[in-house]
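Letter by letter, the chains look like this.
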Amino acid sequence: MKRLAVALVLPLLLAAPGTAAADVIFDPADADDLAATLAEAYTDQGVCYGWHVTVDNVGSPQESVGSNFGAGKTVSSGSCAKKVEFTANITYTSESSESEDSASYDVSSTPAGVGRDDLDALDIDFDGLTGEDPDVAIGKAVTALPLLAADKGLAKALAASPDTASAPADAQLTDDPGSDWWRERGGMLLWGVGLMLAGGVFVWWVLRTNRPRRRPSHVQPVPDDLSSLEPLPYEPPAEPPVEQAEEPPAAPPVEPPAPPGPPIYAPPPPGPPAEETEPGPDAEPAPKTEAAAKPEAESASGSDAAPAPEPVETAAGESEQARPAPSDLKDKE
Amino acid sequence: MRFRPKLLVASAIGGVGLIVLLFAIFGGGGIRSYLDDNFHRQSASGKSVVYTASAKPKAVYEQIRSARPPADTQYDPSGYFLRYSDDIVAITANGAGSRIYVDDERRGYSHWLLFVGGVWGTGGGSGDNFRGGGPGGGK
């Protein structure tokens, strides 16, 4: 009978959390509360839970240990068929050291099932292990161990139920959760604005560097008989046609038609259209007299829309037309 | 690359940005509309609504968290508690599946005071609000 009583009471004594010893991570009260939470889970699920965190504090080794058996007691303090333990190693370096603080963590379970990936899926901020408050991340991870065990089928799931009683008068929310909209869509908003700005800058750059340039409309007059032309030296126009057009119509410079001679090639002026530089089909082959050329020059210079044809060009065209072909001269001889 | 292809690429980038921007402004909804769209409504009382899901609590938690990121999450061996700007969501086991509670923040804090009290506000609780401390000295 006495043995039976001891067998019944001993597991309960082992499962009851003890008092917190000096802890490098948690305040004593927090360590006790965490151990009590694990003890409740152990009672309901029959799985042992615990944590073991080693800290290298600038060469001084310290540790934080606790389990459902109590703060300061490892998960191996009792005989557990199933156990899940959170382990972590934190290294703090001195201020003068160039090395950064570092931390690693893991989850071990017997039987195997719960691992580090399961813990990572909870999105706990483990960067905080090397921050000012490592107990927050460790506390959340350890508290979540029974949830992970239930998810993996190591234990039955526990279900919380809402408290329908009225809350105490001093129960007030004091945190600042921020905006759901900004948290959810802030990143997307920034991406959209960034892409639009990038597209706008790209368009501006494309327009700036690839602006289409106007090609000069140099159209060479094509004579009817190309074989009759000989390569001639370039001769610039005597006067720019624009200046000629701007002069008053009363005193246009009229040059007499060039006497018959070798054909003179001159490039057309850049301004006037090609049709005006070409000799018209009705051009008279004979040289014009001064009286005949004057009204034509007046009418040409008096037009505002089209600049006057270049005198040299006109003379060249006329002289070319008036000049008899070499074969004709040969016949005459 | 010639002028026109460059212009097309630039316009495409700007167009994608505009679509993303419009989706960010007008797309989606809050946590309540997401729960309405994705889970079976079991009961409702005012602004307190209960949904059920066939998946396990951890899978439901991951689904909700990735779709509508909460401001904070608290864990307890018996459930997940998510804090939003105006609402509090609790995910607990329900047989092989899950039960999802959503309340406005004041009522939710009262309902789940035992689990989140002292963390998101005053008024006690189970004491999982770790006070910080430890060796400190992180750099």
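Residues numbered from 1 in each chain as written. Chains lettered and ligands numbered in written order. Predicted model: local features only at pLDDT ≥ 70, side-chain atom pairs only at ≥ 80, totals over all residues.

Peer 1: Tell me about the overall build of chain A, and name the residues and values.
Peer 2: For chain A, the count of helices and strands is 11 helices and 5 strands. Each of the 333 residues in chain A was classed as buried or not, and the buried ones make up 31%. Long-range contacts, defined as pairs at least 24 residues apart, comprise 69% of the intrachain contacts of chain A with a sequence gap of at least 6. (Helix = DSSP H or I, 4+ residues; strand = E, 2+ residues; numbered from the N terminus. Buried ≥ 20, exposed ≤ 12 C-beta atoms within 10 Å, placed from the backbone. Contact = placed C-beta atoms within 7 Å.)

Peer 1: Outline the nonpolar core, supporting the account with residue identities and numerical values.
Peer 2: Among the nonpolar cores identified, the biggest contains 74 residues, and Tyr49 and Ala149 of chain A together with Val89 and Ile100 of chain B are the most heavily contacted of them. If you tally residues by element for this core, the top one is helix H2 (residues 28–45) of chain A, at 6 residues. In this structure, Ile13, Val20, Leu21 and Ala24 of chain B belong to the second largest nonpolar core, which totals 7 residues. (Core = buried A, V, L, I, M, F, W, Y, C linked by C-beta atoms within 7 Å.)

Peer 1: Describe the interface of chain A and chain B, with residues and values.
Peer 2: Chain A puts 68 residues into the contact, and the matching count from chain B is 66 residues. Looking at the side of chain A that touches chain B element by element, the count peaks at 18 residues for helix H6 (residues 180–209) of chain A. Considering only residue class, the side of chain A that touches chain B consists of 34 nonpolar, 15 polar and 19 charged. (Nonpolar A, V, L, I, M, F, W, Y, C, P; charged D, E, K, R; others polar.)

Peer 1: Kindly report on the packing of H2 of chain A against helix H4 (residues 134–143) of chain A, identifying the contributing residues and their values.
Peer 2: Residue and element names in this part refer to chain A. Axis separation between H2 and H4 bottoms out at 10 Å; the angle between their running directions is 15 degrees. Looking at the two axes, H2 sits roughly parallel to H4. Viewed along their axes, H2 and H4 form a crossing whose handedness is right-handed. Contacts from Asp30, Leu34 and Thr37 of H2 reach H4 at Asp135, Gly139, Val142 and Thr143. (Axes fitted to C-alpha atoms, helices over the stretch in contact; angles between N-to-C directions. Parallel < 35°, antiparallel > 145°, perpendicular 65-115°, else oblique. Left-handed = near helix turned anticlockwise from the far one by under 90°.)

Peer 1: Can you lay out the pairing of strand S3 (residues 72–76) of chain B for me, pointing to particular residues and giving the numbers?
Peer 2: Residue and element names in this part refer to chain B. With 5 bridges connecting them, S3 and strand S4 (residues 79–83) associate as antiparallel partners. By the bridge assignment, Asp76 is partnered in S4 with Gly79. Between the end of S3 and the start of S4, which pair antiparallel, lie 2 residues. (Pairing = 2+ DSSP bridges.)

Peer 1: Give me the lowdown on the sheet that holds S3 of chain B, citing residues and values where you can.
Peer 2: Residues and elements named next belong to chain B. Taken in spatial order, the 6 strands make up an open sheet running S1-S2-S6-S5-S4-S3, and their pairing is antiparallel. Each end of this open sheet is capped by a strand with a single partner; those strands are strand S1 (40–45) and S3. Between one strand axis and the next, the sheet turns through 20 degrees on average, direction left out of account. Sitting on the sheet, helix H3 (residues 57–67) touches strand S2 (48–53), S4, strand S5 (87–94) and strand S6 (97–104), and the angle it makes with S5 is about 155 degrees.

Peer 1: Residues and numbers for the environment of Ala96 of chain B, please.
Peer 2: Structurally, Ala96 of chain B is set in the loop between S5 and S6. In this structure the C-alpha to C-alpha distance between Ala96 of chain B and Ala55 of chain B, which are 41 residues apart in sequence, comes to 7.4 Å.

Peer 1: I'd like a description of the sheet that holds strand S4 (residues 83–92) of chain A, backed by residues and values.
Peer 2: Residue and element names in this part refer to chain A. Pairing within the open sheet is mixed, and its 5 strands lie in the order S3-S2-S1-S4-S5. The sheet is open, and its two borders are formed by strand S3 (70–71) and strand S5 (102–110), each paired with just one other strand. Examined bridge by bridge, strand S1 (residues 48–57) and S4 share 10 bridges and lie parallel to one another. Bridging across to S4, Gly50 finds its partner in Glu85.

Peer 1: Break down the environment of Asp118 of chain A for me, with residues and values.
Peer 2: All names here are of chain A. Following the sequence through the fold, Asp118 ends up in helix H3 (residues 116–120). Residue classification places Asp118 among the buried positions, given that 20 C-beta atoms sit within 10 Å. The spacing of Asp118 and Leu148 is 30 residues in sequence and 6.9 Å in space, taken between C-alpha atoms. Apart from the residues lying within four places of it in its own chain, the contact partners of Asp118 are Val107 and Leu148.

Peer 1: So, the confidence of the model for chain B: which residues are in play, and what are the values?
Peer 2: Residues with a pLDDT of 70 or more make up 88% of chain B, whose mean pLDDT is 87. Model confidence for the complex: the whole-complex pTM is 0.65, and ipTM, which rates the interface, is 0.83. (pLDDT = per-residue confidence, 0-100.)

Peer 1: Talk me through the pairing of S1 of chain B; I want residue IDs and the actual numbers.
Peer 2: All names here are of chain B. With 0 of 6 residues buried, S1 lies mostly on the surface of the structure. As judged from the 5 bridges shared by S1 and S2, these two strands associate in the antiparallel manner. Paired with His40 across the strands is Thr52, a residue of S2. Between the antiparallel neighbours S1 and S2 lie 2 residues, among them Gly46 with a positive phi of about 65 degrees.

Peer 1: I'd like a rundown of the packing of H6 of chain A against helix H1 (residues 3–26) of chain B, residues and numbers included.
Peer 2: Running from N to C, H6 of chain A and H1 of chain B cross one another at 160 degrees; their axes reach a closest spacing of 7 Å. In terms of orientation, H6 of chain A and H1 of chain B fall into the roughly antiparallel class. For the element pair H6 of chain A and H1 of chain B, the recorded crossing hand is left-handed. Its residues assigned to classes, the contact of H6 of chain A with H1 of chain B comprises 20 nonpolar, 7 polar and 2 charged.

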